[in-house]
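Chain and residue survey
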Amino acid sequence: MQDKEPITRALIIGAGIAGMQAALDIANSGYEVVLVDKLPSIGGRMAQLSETFPTLDCAQCILTPRTVEVGHHDRIKLVTYSEVEEVAGQVGDFRVRIRRHPAYVNWDACTGCGLCQEKCPKRVVSDFERGLGRRKAIYTLSPQAVPNRPVLDRESCLHFQGDRCRVCEKVCPVGAIDLEQEGNTIEERAGCIVMATGYDLYSMDRLGEYGHGDLANVIDGLAFERMLSASGPTAGKILRPSDGAEPKEVVFVQCAGSRDPELGVPYCSKICCMSTAKHAMLYKHRVPDGQAYVFYIDVRSAGKHYEEFVVRTVEENRTIYLRGKVSRVFEEGDKVAVWGVDTLSDRQVEISADLVVLATPMIPGGGTVQLAKMLGLHADEAGFLSEFDASMQPVETLRAGVFMAGACVGPKDIPETVAQASGAAAKVLSTFARWGKVAEGEAAARAEDL
Amino acid sequence: MRARMSAETLTSELTRRIEEISGENLLKCYQCGMCAAGCPAAFAMDMLPSQAIRFLQLGLVEEVLNSDTPWLCAACQTCYARCPKGLDLSRIMEAIREIVLQERGDYIDLGDLSPRDLAEIPQQAFIACFRKYTA
Amino acid sequence: METSQLRIPYFPGCTLNTTAKGFDTSLRASAQALGVELVELPEWNCCGATFPLLADNILDLAGPASVLVAAREMGERLAVACTTCYNVLRRTNLAIQTDEDKRQKLNLFIEAQYEGDLQVLDFLQVLRDEVGFEKVARTVKRPLTGLKAAAYYGCMVLRPASEVAYDDPENPRALDDLLMALGAEPIEYAHKGECCGSYLAVVSAQAAAEMTYSILSSAQKNGAQLIATNCPLCQFNLDSQQAEIGRRHTGYQTIPVLYFSQLLGIALGLDADDFDWEKHSVDPRPVLELVEPR
Ligand SMILES: Cc1cc2nc3c(=O)[nH]c(=O)nc-3n(C[C@H](O)[C@H](O)[C@H](O)COP(=O)(O)OP(=O)(O)OC[C@H]3O[C@@H](n4cnc5c(N)ncnc54)[C@H](O)[C@@H]3O)c2cc1C
Ligand code: SF4
Ligand code: SF4
């Protein structure tokens, strides 16, 4: 190690539930944390979820106390809307250059009153709402955003596109809008790094047999989560995107792209059996006279109380599970025709659906592979980060002082993510503690020398 | 009836030959049913394409040799286009036909076709039938 | 007429020479009008009509391989009209290119030194990529305005995609785009690439009738007045099965099924008298009369 004393400060990349959990564990143990996320606010994918299996907790309700605690924590420095650009140094003294994207809002002055977004005349399709809802050109991801500070998206802003507008600037009561703002880079130093860059979903564009993502009433699981969310674009109502009608026949397709080494990804995405069962169940809660169908190859419900959850979906919510894949999905009038099979009854099956929900697989969060390269970490063929030793050192990477947790390591649900994040935090803490002991020992030795 | 299974029944000469001449590993199939879901001819078959593979996996070859499924496969490759494991069922069906043709002779007698059919059916269909349905 | 000439070796195949003459005549005439000189291979044999699917089958590759060798002597590209021939020739060519063992055995067998360095093109592909649909549109004399046409691709140009497709295999566009260039209105329907039954008519009347019925009725439900295809076998099946379909499905209304080249020829203002209309089970001429005369 270096001569200087190692830095007992952690840098965490990605502020989803994994990054937040690790940050809180470390910060609550008395060490400083820098928490970086590329999005304007923290929470990651969990902020998009409705209710969580197997308990059906409201995701927002269990998430918000965490985001608020992270947001207010004395020892956590939040660096959102930012990306890590370069990492130099080594364990004990990483020097990290972080690029902050211009928000065109002076966040120190902003009070989060929301007037700018309210008055902004430009609406665009929202990624956070998975295309089902819209946001303004100046926006926060959600009303519960932490930090509750807006960013202005240059690509959609009328002013930046050459029109006269500057409405936000005019209405902001504290003059926080700064249309001349430029991005900047900051340097942070840390002794350890935790990777927590999470996941994206495999794009529906790549599923030609299911309409290439071009069919309005064929959506992915996260879009369905937004529909189910009380704070989502439909205020929790299940509505057919094409015309807003209440769908009475809903087909869920598991393994839409997963376990498919030929055209999709070879691995099992692990959470979809459960998220699909949850979707079918919540759909029936919202539309009691509707019918849900699930096409599946296997139902993998190996977590605690998971099998019981699936059984409830079948027995109580009377969801029909059809054993087999769906070969094609296409529009037929205002319906979506689904051609599947049930290999248990040896029948080709056709369903005229109002809505089709594809359980597309988790893939590593955007930028994970580049970060891995930058940090000298290994990733598998799919781009998920590799363990130092998959059995015995599951949160360690090949690089000393760099740990990892959550969906960037492989598909996993929230309980597993949180457990792994606490595991990674424990590794950081034990590293810091060891350094403390060494420092103490050295001090003692020096004292003896005197 | 119970299917008796043993190491011996699972490794019959016939399955081995089907794998060899089709060039496909039958155990790659994980029975997802994608092929059956999309097969345009399955409605007329007595056994779904995926089921045919299943019987072969289990060494129950006779079931497949007596089925009309291989003969109703149009080699359209819809199944192959979407099979997540990349199995080309049209090759497996061809292998099954080949074995039946060798064992039992022609499946159809092209001589039975009416003169009208002979005049109208495009050459390509004719030759295809000749190659797929006769020994 | 057109001055800039595109010369390309051409393989008509058995079917265009016999039962699908209307395809051949309309295709040659249209090509000429578009400045494409199709140079028929001086001597050719049958492509074999199905790509041999057995792993060890070298013998049945000899036929298509000889065609490829003959074509290579004339240039680096070969245009094929029949989609079955296209499929077989293209896959054989790819096998020769990529499979060392097959290449050696085949060359020995047909006494050639062929490396697979030939581009096998479907005629529709030539139209799209070499002539360009824009140019086709500019050359149109008698636009097929108001004609609602269902483009039907069949299997042979779509599957296996990695070997033969020049279009999105799940949502092909080439033929739709051509119909649009001709002034017709291509309708959207789900069965563009569903199999018509191919050679199954010979063994199962039920399979043939029901497979074609699902395609024809899907096109009709979506407003098609006619079906345009690039496959002679599909044309035959879709066209000739309609009598049987009528017997099985009461109230069934027939719909004409044309080779795309027949529509192309008409739109280019060519004399369509020798497009072999008598061969069609469902006479397309009444529908074609809806098109404004030139
Ligand atoms: C449809 C669906 C339903 C689900 N339902 C449930 C459920 O009911 N119960 C359950 O337990 N689990 C559920 N899950 C799984 C759950 O979403 C995940 O387990 C969890 O979100 C993983 O958390 P994470 O922090 O690892 O990743 P994420 O939540 O993806 O967080 C990663 C964070 O890292 C940031 N980031 C990514 N790349 C970079 C970068 N290069 N630089 C900076 N920041 C970056 C992202 O912006 C994000 O904020 C569901 C998943 C899906 C798809
Ligand atoms: S699609 Fe492939 S893996 Fe699935 S059942 Fe058919 S052959 Fe087996
Ligand atoms: S190739 Fe044969 S088994 Fe496969 S989808 Fe076509 S007809 Fe069915």
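Residues numbered from 1 in each chain as written. Chains lettered and ligands numbered in written order. Predicted model: local features only at pLDDT ≥ 70, side-chain atom pairs only at ≥ 80, totals over all residues. Heavy atoms only, no water.

Right, let's get into the interface of chain B and chain C. Between chain B and chain C, the residue contacts involve 44 residues of the former and 38 residues of the latter. Summing both partners gives a buried area of about 3400 Å² for chain B against chain C, and 64% of it is carried by carbon and sulfur. Sorting the residues of chain B by area buried against chain C places B:Arg91, B:Gln124 and B:Arg131 first, and these three jointly supply 20% of that buried surface. Between chain B and chain C we count 2 salt bridges in total. In this structure, C:Glu170 engages B:Arg82 in a salt bridge whose closest nitrogen and oxygen atoms are separated by 2.9 Å. (Contact = heavy atoms within 4.5 Å. Buried area = accessible area lost by both parts, 1.4 Å probe. Salt bridge = Lys/Arg side-chain N within 4 Å of Asp/Glu carboxyl O.)

Let us now look at the sheet that holds strand β7 (residues 93-100) of chain A. Residue and element names in this part refer to chain A. On the basis of which strands lie adjacent, the open sheet formed by 3 strands has the order β6-β7-β12 and antiparallel pairing. Taken across any chain shown, the strands that pair with only one partner, and hence form the sheet edges, are β6 (82-90) and β12 (184-190). Ignoring strand direction, the axes of neighbouring strands in this sheet form an average angle of 20°. Pairing of β6 with β7 involves 8 bridges; the strand directions are antiparallel. By the bridge assignment for β7, Glu86 is matched with Arg97. (Pairing = 2+ DSSP bridges. Helix = DSSP H or I, 4+ residues; strand = E, 2+ residues; numbered from the N terminus. Axes fitted to C-alpha atoms, helices over the stretch in contact; angles between N-to-C directions.)

In the vicinity of ligand 3, the contacting residues are B:Cys39, B:Pro40, B:Pro49, B:Cys73, B:Ala74, B:Ala75, B:Cys76, B:Gln77, B:Thr78 and B:Cys79. Residues belonging to the shell around ligand 3 are distributed by class as follows: 8 nonpolar, 2 polar and no charged. (Near = heavy atom within 4 Å. Nonpolar A, V, L, I, M, F, W, Y, C, P; charged D, E, K, R; others polar.)

So, on to the interface of chain A and chain B. Counting residues at the interface gives 21 residues for chain A and 20 residues for chain B. Buried area between chain A and chain B, summed over both chains or domains, comes out near 1500 Å², and the portion from carbon and sulfur atoms is 56%. Considering only the side of chain A, the residues that lose the most area to chain B are A:Lys325, A:Ser327 and A:Gln348, jointly responsible for 33% of the buried surface there. Counting across the interface, chain A meets chain B through 0 salt bridges. Viewed at the interface, chain B and chain A are joined by 8 residue pairs in polar contact (both at pLDDT 80 or more). (Polar contact = N/O pair within 3.5 Å; in protein donor to acceptor, adjacent residues only side chain to side chain.)

The subject of this paragraph is helix α11 (residues 232-240) of chain C. α11(C) sits mainly inside the fold: 8 of its 9 residues count as buried. Within the sequence span of α11(C), burial applies to C:Pro232, C:Leu233, C:Cys234, C:Gln235, C:Phe236, C:Asn237, C:Leu238 and C:Asp239. (Buried < 20%, exposed > 50% of the residue type's maximum accessible area, 1.4 Å probe, protein only.)

Take the pattern of salt bridges next. All names here are of chain A. Summed over the entire model, instances satisfying the criterion amount to 56 salt bridges over all chains. A salt bridge links Glu129 to Arg226; the shortest N-O distance between them is 2.7 Å. Remark: Arg226 occurs in helix α5 (residues 221-228) and Glu129 occurs in the loop between β8 (123-125) and β9 (134-136); sequence separation between them is 97 residues. Both residues of the pair, Glu129 and Arg226, belong to the buried class. With its nearest N and O atoms 3.0 Å apart, the salt bridge here joins Lys335 to Asp354.

Residues and elements named next belong to chain B. Domain boundaries assigned for chain B yield domain 1 (7-104) and domain 2 (108-135). Taking the mean C-alpha position of each, domain 1 and domain 2 sit 24 Å from one another. Facing the 5 residues of domain 1 at the interface are 4 residues of domain 2. Roughly 450 Å² of surface becomes buried between domain 1 and domain 2 when both sides are summed, with 53% attributable to carbon and sulfur atoms. Among the residues domain 1 hides against domain 2, the three largest losses belong to Trp71, Arg97 and Leu101. Together they make up 76% of the total. Along the contact surface separating domain 1 from domain 2 lie 1 salt bridge. The partner of Lys132 in a salt bridge is Glu94, and the shortest N-O contact between them spans 2.7 Å. Where domain 1 packs against domain 2, one counts 2 residue pairs in polar contact (both at pLDDT 80 or more). At 3 residues, the largest contribution of residues to the side of domain 1 that touches domain 2 is made by helix α8 (residues 89-104). Residues belonging to the side of domain 1 that touches domain 2 are distributed by class as follows: 3 nonpolar, no polar and 2 charged. (Domains from an automatic or database assignment.)

Moving on: the domain arrangement of chain C. All names here are of chain C. Assigned domains of chain C: these are domain 1 (6-123) and domain 2 (141-288). Each of domain 1 and domain 2 was reduced to a C-alpha centroid, and the two centroids are 24 Å apart. Listed as interface residues are 26 residues of domain 1 and, on the opposing side, 22 residues of domain 2. Carbon and sulfur atoms supply 66% of the area that domain 1 and domain 2 bury against each other, a total of about 2000 Å² over both sides.

Bringing the packing of α5(A) against helix α6 (residues 272-286) of chain A into the picture now. Residue and element names in this part refer to chain A. The geometry of α5 relative to α6 is characterised by a closest axis approach of 11 Å and an angle of 30° between their N-to-C directions. Between α5 and α6, the angle is such that the two are roughly parallel. Seen along the crossing, α5 lies across α6 with a hand that is left-handed. The residues of α6 that touch α5, namely those facing Gly221, Phe224, Glu225 and Leu228, are Lys278, His279, Leu282, Tyr283 and Arg286. Residue composition of the contact of α5 with α6, grouped by class: 4 nonpolar, 2 polar and 3 charged. (Parallel < 35°, antiparallel > 145°, perpendicular 65-115°, else oblique. Left-handed = near helix turned anticlockwise from the far one by under 90°.)

To continue, consider the state of the cysteines. All names here are of chain A. One pass over the full model with this rule turns up 1 disulfide over all chains. Paired through a disulfide, Cys58 and Cys61 show a sulfur-sulfur distance of 2.3 Å. Residues Cys58 and Cys61 share a disulfide whose torsion about the S-S bond is about 80°; that sign makes it right-handed. Looking at Cys255, it has no disulfide partner, and the nearest cysteine sulfur is the one in Cys273, 6.3 Å off. Looking at Cys255, the relative accessible area reads 8%, which means it is buried. (Disulfide = S-S within 2.5 Å.)

With that out of the way, let us pick up the site of ligand 1. All names here are of chain A. Of all residues adjacent to ligand 1, which total 37 residues, the nearest are Asp37, Tyr199, Lys278, Lys412 and Ile414. Residue Ala18 places a main-chain N or O atom 2.9 Å away from an oxygen atom belonging to ligand 1. Separating an oxygen atom of ligand 1 from a backbone N or O atom of Arg45 is a distance of 2.8 Å. Here ligand 1 has 990 Å² of accessible area as a free molecule, and 97% of this is covered by the chains. For the shell around ligand 1, the secondary structure elements donating two or more residues are α1 (17-27), β3 (51-52), β14 (199-201), α5, α6 and α9 (414-449). (Areas by Shrake-Rupley, 256 points an atom, 1.4 Å probe, with all protein chains shown as cover.)

What follows is about the nonpolar core. With 156 residues, the main nonpolar core has C:Leu89, C:Leu127 and C:Leu263 as its most contacted residues. Ranked by the residues each element gives to this core, the list is headed by α8(B), at 8 residues. Apart from residues lying up to four places away in sequence, C:Leu127 is in contact with C:Leu34, C:Gly132, C:Phe133, C:Val136, C:Leu178, C:Phe260 and C:Leu264. If you look at the next biggest cluster of nonpolar residues, it comprises 114 residues, including A:Ala18, A:Trp107, A:Tyr296 and A:Phe403. (Core = buried A, V, L, I, M, F, W, Y, C linked by side-chain atoms within 4.5 Å.)

Once that is clear, we can look at the sheet that holds strand β5 (residues 76-79) of chain A. All names here are of chain A. An order of β5-β2-β1-β13-β24 is seen for the 5 strands of this open sheet, with the pairing classed as parallel. Two strands close off the open sheet at either side, each with one partner strand: β5 and β24 (402-404). Averaged over all adjacent pairs, the angle separating strand axes in this sheet is 20°, with direction ignored. In terms of strand pairing, strand β1 (residues 9-13) meets strand β13 (residues 192-195) through 4 bridges, oriented parallel. From the neighbouring strand, Ile12 faces β13, where its bridge partner is Val194. On top of the sheet, helix α8 (residues 368-375) reaches β1, β13 and β24; it is set at about 155° to β13, its chief contact.

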